[in-house]
Amino acid sequence: MKDRGLDRRDFLKGAVVGSAAAAGGSAAIATAEVAQAEPPAQAAPAVAPQAAGYTFLNLDEAAFIEALVDHMVPADEISPSGTDLGINVYIDRALAGAWGKGDRLYMQGPWKQGSPSQGYQLPLTPAQLYRAGIEATNAHCRKTYGKSFDRIEAAQRQEVLVGLSTGKINFVGGPPVRVFWATLYQTVIEGMYSDPIYGGNRNKAGWAIIGFPGIIAVHRDHVEKYRGKPFPTKPLGISDMS
Amino acid sequence: MTTKLGEVDVVIVGLGWTGGILAKELTEAGLKVVALERGAPRSSENDYSLPNIRDELRYVVRHDLMQNTARDTITVRNNPKQEALPMRRLGSFLPGEVVGGSGVHWSGHTWRWTDMEFKIRSNYEERYGRKFIPDDMTIQDWGITYAELEPYYDKFEYTAAVSGKAGNIAGQILAGGNPFEAPRVRDYPLPPLTPILASEMFTNAARNAGYHPFPRPSANASQPYTNPDGAQFGGCQYCGYCQRFGCEANAKGSPHMTVIPIAMRNPNFELRTHSWVTKVLKDSDGKRVTGVTYTNVLNGEEFEQPATIVLLCAYAINNVHLMLLSGIGTPYDPVDQKGVVGKNYCYQTGASATLFFEGKYFNPFMNAGGSNATIDDFNINWTFDRAPHNFVGGYNVSGGFNTPLPIGYRPVPSGTPQWGSEWKRATAKWYQTAMVINASGSVMANRHNCFDLDPTYRNAFGQPLMRMTFDYQSNEHRMGVHAAGVVNEIAKSMNPTKLNPATARTEPWTVVPYQSTHNTGGTIMGTNPRDSVLNKYLQSWDCHNLFVVGANAFPHNSSYNPTGPVGALAYWTADAIKNRYVKNPGPLVQA
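Residues numbered from 1 in each chain as written. Chains lettered and ligands numbered in written order. Predicted model: local features only at pLDDT ≥ 70, side-chain atom pairs only at ≥ 80, totals over all residues.

### As for the domain arrangement of chain B
All names here are of chain B. Entries for chain B in the domain assignment read domain 1 (2–164 + 216–236 + 245–348 + 445–472 + 518–581) and domain 2 (195–215 + 350–441 + 479–507). Computed from C-alpha atoms alone, the centre-to-centre distance between domain 1 and domain 2 is 30 Å. Every contact between the two is made by 25 residues of domain 1 and, on the other side, 24 residues of domain 2. When contributions to the side of domain 1 that touches domain 2 are tallied by element, the ones reaching two or more residues are helix H3 (56–61) and helix H6 (120–128). In terms of residue class, the side of domain 1 that touches domain 2 is made up of 13 nonpolar, nine polar and three charged. (Domains from an automatic or database assignment. Contact = placed C-beta atoms within 7 Å. Helix = DSSP H or I, 4+ residues; strand = E, 2+ residues; numbered from the N terminus. Nonpolar A, V, L, I, M, F, W, Y, C, P; charged D, E, K, R; others polar.)

Put into structure tokens, the structure is as follows:
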């Protein structure tokens, strides 16, 4: 998926077009092509599936999110990459679920922009905001670099994220950049540090970054015992104790 | 079609701390009580148990125990010139919406507010002269005294298992406690929690600077405890999942495991959950209320519940909303400053520093709701002269952690990138080696800060949302400058490797991010009906069989968490109803 040439998305799109033109025979080609275009995932200590299945993100959006989370959370000595942590899966599930659909969000008009101190005022659910924001970011990337976000170089991605986070990029006719960025950033953090039952923080590798013990939380004796000392632990999540 | 039910002695709207206390006390006095709670029934055993309660995303980020703003919210603006817009999701504050209310998800900080608040205008005028108080600062005396409330503070502390160290028993100042506290008749029911390293370091630094640190009193049982009503508490496990969560150990004093189950065992009591009260009904002459209307939100059925006494015990903001929706009392107009309902909405302010100590392990995840240490030298200390700093009110300063869970709390030094390997390294390095010093400051009433009904937006029941007009004033800015100075002075004396210093707040109040669920005022108590909605027993001046119980009654906000006086006032009101009102219904204070 990080391939600059033909990637899984191109192939899958082509497969649909192709299947309309010449049904039959394409399935076998597809299998072969996917196998070629998609090298096996790097050996991670993961029980994770090799490719994420998505319930909300379309192909362009999936490519955007995968590129985004791997740029923001690169594989290094601290942790696996964003996709190996499952942050993309977390985001997909969050957008498809109640939160993404606007659960607990007051959605009655009239709609006014208001001041920043009045908080979220868009007539969009989080999922709709995400969709519009990715489209606008990709439009910006195509205009500036001639390619969508997932196909530009790391330095260019960095430039785009700085532009989004500082408001230097402006979505003409789209949602306010600062609102999109705040939502995007928050969900990346959630995918890194929420309990693994939500699809991110795979193998509790997010918690391991900071030494957070997860749900181990009977510290009555630990308060004295580990005062000023590191607490040696392998983090546990909800499913480990269910 | 509305079904009219049989009359009961008392109907309670909202079953959190205040409703729970009144339900228990009044059913024990033989009254037939019905409580209407808009939220769902939840219990420690079934809902707040391990492992599912340890879910930061569900409880902190997604607000599982909180009011659902899709159904009812408020509109907000900073000043009357602005157009108010709906708070479309929760942020700055988090009212609870379950049986137990916000008493389920609070962190347990329990303070005794003193005559420094209850006689605020008299105190400042006497010491500094009338001109010291700005013209638009509408602070006023509360009409109650600390001495009157002391037994009720005591009762609440023993009910809720408050752990702490007394600083003043009957005038004798005790080492290690808060020397500025007003005299108490006896100590807390439980000794303080075990201090964490961060609070110990803060304590030493504050003491070296000449201040008077003490362990923050908190309804986190420092050891197993049985309260005077027989409710059983486990000892606090320092789990770090306190604020925003129900307590699986039953170590956090909460209404759903103390007063409410006791009321539930009494045949005089009936709880109806999923019951949304839309209006308080007035008698034809407007001198009494006759009951309430409510909707069963499981099926849309509407009911009228007649009652001899109506107690509004919802969250402070929702009590005020119900008063405005029901047309009881004269709504406050900030332009001509006439009317009272909606007046003196107040909030809180603060200033916070993060201290980074390379190689020092604080283990922030080992933490109780109240394991911080605090100083009150700039708060209820009347020897602190406000004149040179030109502000009314005060602030307390504490060291430790609030909710140190990783989605919300990953401190890094200023200037650290927001993503990438360098960010990850900084997060890994500092999560366990940082601590926080925080000042929590009072907010004085101001003529422009108020509630009324919004002209445009409506809730799921077709009723106008309540409109909040609020911003900080120059008094709070001046206090913030002083508070940031003290926080930074203590922080620097601790020689951190790096410091994100505290700064005084200058920007307007915003609905994001979370700040404090300490919203006060709107139906304030006072000495006369011209400038207050309630008398000192939280009884409506307009309708004597209506009591409005909660922080909505506070004429201004102090730097302290409000639950201490909220609980004490609920017991005080219960006594006034049991011992006086029932025998001779009518105004308990002559207007």
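Let's pick the thread back up.
### A few points about the sheet that holds strand S17 (residues 373–375) of chain B
All names here are of chain B. Across the sheet, six strands lie side by side as S8-S17-S18-S19-S16-S22; this open sheet has antiparallel pairing. Taken across any chain shown, the strands that pair with only one partner, and hence form the sheet edges, are strand S8 (214–215) and strand S22 (498–500). In terms of strand pairing, strand S16 (residues 349–356) meets strand S19 (residues 434–441) through eight bridges, oriented antiparallel. Its bridge partner being in S19, threonine 354 is matched across the sheet by valine 436. (Pairing = 2+ DSSP bridges.)

### Re the sheet that holds strand S20 (residues 450–458) of chain B
Residues and elements named next belong to chain B. Ordered by their spatial adjacency, four strands build an open sheet running S5-S4-S21-S20, and the pairing between neighbours is mixed. The open sheet has two edge strands with one neighbour each: strand S5 (85–86) and S20. Taken together, the five bridges between S20 and strand S21 (residues 464–469) define a ladder with antiparallel strand orientation. Residue pairing across strands places leucine 453 opposite methionine 466, the latter belonging to S21.

### Some details on helix H6 (residues 126–145) of chain A
All names here are of chain A. Taking 1.5 Å per residue as the helical rise, H6 with its 20 residues ought to reach 28 Å, and the 27 Å between its terminal C-alpha atoms agrees with that figure. Here H6 has its buried residues at Pro126, Leu129, Tyr130, Arg131, Gly133, Ile134, Ala136, Thr137, Asn138, His140 and Cys141. On its buried side, H6 packs onto helix H3 (59–72), helix H5 (87–96), helix H7 (154–166) and helix H8 (177–193). With its phi angle positive at about 80°, glycine 146 sits one or two positions after the end of H6. (Expected span 1.5 Å × (residues − 1). Buried ≥ 20, exposed ≤ 12 C-beta atoms within 10 Å, placed from the backbone.)

### Considerations on the confidence of the model for chain A
Mean pLDDT over chain A works out to 86, with 79% of the residues at or above the 70 mark. Counted against residues more than four places away or in other chains, residues 17–46 of chain A, with its pLDDT under 50, gives 22 contacts. (pLDDT = per-residue confidence, 0-100.)

### Notes on the pairing of strand S12 (residues 275–282) of chain B
Residue and element names in this part refer to chain B. Sheet analysis places S12 next to strand S13 (residues 289–296), joined by seven bridges and oriented antiparallel. From the neighbouring strand, lysine 279 faces S13, where its bridge partner is threonine 293. A loop of six residues connects S12 with S13, the two strands running antiparallel in sequence, and glycine 286 in this loop sits at a positive phi of about 75°.

### Here's the deal with the environment of B:Val511
Locating B:Val511 in the fold gives a position in the loop between S22 and strand S23 (520–522). For B:Val511, the contacting residues outside a window of four places in its chain are A:Ser117, A:Gln118, A:Gly119, B:Val76, B:Met87, B:Gly91 and B:Ser92.

### Comments concerning the interface of chain B and chain A
The interface is formed by 57 residues belonging to chain B together with 52 residues belonging to chain A. Contributions of two or more residues to the side of chain B that touches chain A are made by H3, S5, helix H11 (421–430) and S20 of chain B. The biggest single contributor to the side of chain B that touches chain A is H11(B), with five residues. In terms of residue class, the side of chain B that touches chain A is built from 27 nonpolar, 19 polar and eleven charged.

### Digging into the pairing of S21(B)
All names here are of chain B. Most of S21 is tucked away: five of the six residues are buried. Relative to S21, strand S4 (residues 74–77) runs parallel, the two sharing four bridges. In the sheet register, valine 76 faces S21, and the bridge partner there is methionine 468. Linking two consecutive strands that pair antiparallel, namely S20 and S21, is a turn of five residues; a positive phi of about 80° is found at glycine 462 within it.

### Observations regarding the packing of H3(A) against H6(A)
Packed helices, taken two at a time, are described by the angle between their axes plus the distance between the axes. Residue and element names in this part refer to chain A. Across the interface, H3 lies against H6 with an axial gap of 10 Å and an inter-helix angle of 75°. One finds that H3 runs roughly perpendicular with respect to H6. Residues Asp60, Glu61 and Phe64 of H3 form the contact with H6, whose own contacting residues are Arg131, Ile134 and Asn138. Residues belonging to the contact of H3 with H6 are distributed by class as follows: two nonpolar, one polar and three charged. (Axes fitted to C-alpha atoms, helices over the stretch in contact; angles between N-to-C directions. Parallel < 35°, antiparallel > 145°, perpendicular 65-115°, else oblique.)

### Structural notes on H5(A)
All names here are of chain A. Most of H5 is tucked away, with eight of its ten residues classed as buried. Those residues of H5 not exposed but buried are Ile87, Asn88, Val89, Tyr90, Ile91, Asp92, Ala94 and Leu95. Considering only its buried residues, H5 is in contact with H3, helix H4 (82–85), H6 and H8.

### Describing the nonpolar core
Residue and element names in this part refer to chain B. Membership of the largest hydrophobic core comes to 227 residues, with the highest contact counts inside it found for Ile12, Val13, Ala23, Leu311 and Val487. Ranked by residue count, the leading element in this core is helix H13 (residues 563–581), at nine residues. Apart from the residues lying within four places of it in its own chain, the contact partners of alanine 23 are Ile12, Leu15, Val33, Ala35, Val259, Ile260, Ala263 and Phe269. (Core = buried A, V, L, I, M, F, W, Y, C linked by C-beta atoms within 7 Å.)

### Considerations on the packing of H6(A) against H8(A)
Residues and elements named next belong to chain A. Packing of H6 against H8 brings their axes to within 10 Å, and their N-to-C directions diverge by 110°. Overall, the two elements H6 and H8 adopt an arrangement that is roughly perpendicular. Considering the relative orientation of H6 and H8, their crossing is left-handed. Counting all contacts with H6, which are made through Pro126, Leu129, Tyr130 and Gly133, the residues of H8 involved are Val179, Phe180, Thr183 and Leu184. Its residues assigned to classes, the contact of H6 with H8 shows six nonpolar, two polar and no charged. (Left-handed = near helix turned anticlockwise from the far one by under 90°.)

### Re the domain arrangement of chain A
How big an interface is tends to be stated in terms of the accessible area lost upon association of its parts. Residue and element names in this part refer to chain A. Segmentation of chain A into domains returns domain 1 (57–210) and domain 2 (214–242). Between domain 1 and domain 2, the residue contacts involve six residues of the former and five residues of the latter. A breakdown of the residues in the side of domain 1 that touches domain 2 according to their chemical character gives four nonpolar, no polar and two charged.

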